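Below are the chains, spelled out letter by letter.
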Amino acid sequence: MNQSFYHDNKILWQETLPGGHHWSGRIQRGAVLQLEALEHHANVSLYCVNADDKLERFNMPDSLKAQHTAFLSTGHVLYSDLGRVMASIVQDQHGWNDVFCGPSTAQQIAQQFGQKNFQDARNDMHQNGLDSLLVELTKFGLGQADLSATVNLFSKVQPDDHGRLSYVSDDNQNQKIELRFEMDCLVFLSAAPHPLDSSTQYQPSDIQLRLFKANTLTEQDVCRDSCAQNQRGFANNTRYYALSN
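What counts and what doesn't
- Residues numbered from 1 in each chain as written.
- Predicted model: local features only at pLDDT ≥ 70, side-chain atom pairs only at ≥ 80, totals over all residues.
- Heavy atoms only, no water.
- Pairing = 2+ DSSP bridges.
- Helix = DSSP H or I, 4+ residues; strand = E, 2+ residues; numbered from the N terminus.
- Axes fitted to C-alpha atoms, helices over the stretch in contact; angles between N-to-C directions.
- Buried < 20%, exposed > 50% of the residue type's maximum accessible area, 1.4 Å probe, protein only.
- Contact = heavy atoms within 4.5 Å.
- Salt bridge = Lys/Arg side-chain N within 4 Å of Asp/Glu carboxyl O.
- Core = buried A, V, L, I, M, F, W, Y, C linked by side-chain atoms within 4.5 Å.

Draft legend 1. Region of interest: the sheet that holds strand E3 (residues 31-37). Taken in spatial order, the 6 strands line up as E1-E13-E3-E11-E7-E6 in an open sheet, and their pairing is antiparallel. Looking at strand neighbours, the two that pair on one side only are strand E1 (13-17) and strand E6 (77-79), the edges of this open sheet. The average angle at which neighbouring strand axes cross in this sheet is 20°, direction not considered.

Draft legend 2. The side chain of Arg57, seen in detail. With respect to the helices, strands and loops of the structure, Arg57 is situated in strand E5 (residues 53-57). Classification of Arg57 by relative accessible area gives buried; the value is 15%. Among residues more than four places away in sequence, those in contact with Arg57 are Tyr47, Cys48, Val49, Tyr79, Ser80, Asp81, Met86, Ala145 and Asp146.

Draft legend 3. Spotlight on the environment of Arg180. Relative to the assigned elements, Arg180 resides in strand E11 (residues 176-181). Residue Arg180 is classed as buried on the basis of its relative accessible area, which comes to 2%. Considering only alpha carbons, one finds Arg180 and Leu153, 27 residues apart in sequence, at a separation of 15 Å. The contact partners of Arg180, leaving out residues within four places of it in the chain, are Tyr6, Ala31, Val32, Ala87, Ser88, Val90, Ala214, Leu217, Asp221, Cys223 and Phe234.

Draft legend 4. Quick peek at the pattern of salt bridges. The full count for this structure, using the stated rule, is 12 salt bridges. With a shortest N-O distance of 3.1 Å, Glu56 and Arg84 are connected by a salt bridge. You can see Glu56 sitting in strand E5 and its partner Arg84 sitting in the loop between E6 and strand E7 (85-92), a full 28 residues away along the chain. Across this residue pair, the class does not change: Glu56 and Arg84 are buried. Among the charged side chains, a network of salt bridges with common partners joins Arg26, Asp52 and Asp184.

Draft legend 5. Here's a closer look at the environment of Gln208. One can find Gln208 in strand E13 (residues 207-213). Along the sequence, Gln208 and Leu38 sit 170 residues apart, while their C-alpha atoms lie 6.8 Å from each other. Setting aside its immediate chain neighbours within four residues, Gln208 contacts Gln14, Glu15, Thr16, Gln34, Leu35, Glu36 and Leu38.

Draft legend 6. Structural detail: the nonpolar core. Of all hydrophobic cores here, the largest spans 46 residues; its most connected members are Leu35, Leu153, Phe154, Val187, Leu189 and Ile207. Beyond its immediate stretch of four places on either side in the chain, Leu35 contacts Val44, Leu153, Phe154, Gln175, Lys176, Ile177, Leu179, Leu189, Ile207, Gln208 and Leu209. If you look at the next biggest cluster of nonpolar residues, it comprises 8 residues, including Ala66, Tyr79, Val85 and Phe234.

In structure tokens, the structure reads:
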């Protein structure tokens, strides 16, 4: 495992998220979640909410607008709908994470790969991102009305001259993405295929999850100092936790 500048490289917890399956949990401020694609065609649809105030949630439009980007990668942050930084992408070996397409749906998966339900295939059933995330959200008293746009980690899409998006197939085996959490968050993950995945077989990659303690922010930080708006976002976090404490 490569050394990281952003955490202490001592694994606090690790778990393998099987391809197509889903996961949720509380990740505290000051932790780094590392996701590693163990096979080809990896995709992880990620969504998060403030663990202490579930009305505060990841806001995709504000995240893009504030950072003048159409995708998320190293140096970018995930903004909440209250202008605070939920998590920072401190390392991204993939280099492009889709935020436009959202999680896959049951109709999309069935159309692309065919149907395979639990009664027929047990844990090898064909799962989709939307229903997977909703299963995890219900564990925390949340539902479909609470879910907005996700980040599709390890997935790149590109537009044509008419604005139509297409999936860019990539061998992302062993690529790692690290998210440093700047807020206590409930995190929801689905490793189901991307909605535009053009693969002919349902073979979503397993994802290795690892948790580390984040290093203290230095005088210069890859995410905080990537633009003036991010500095203001981090200042909002400082104010929020100062008043909360």
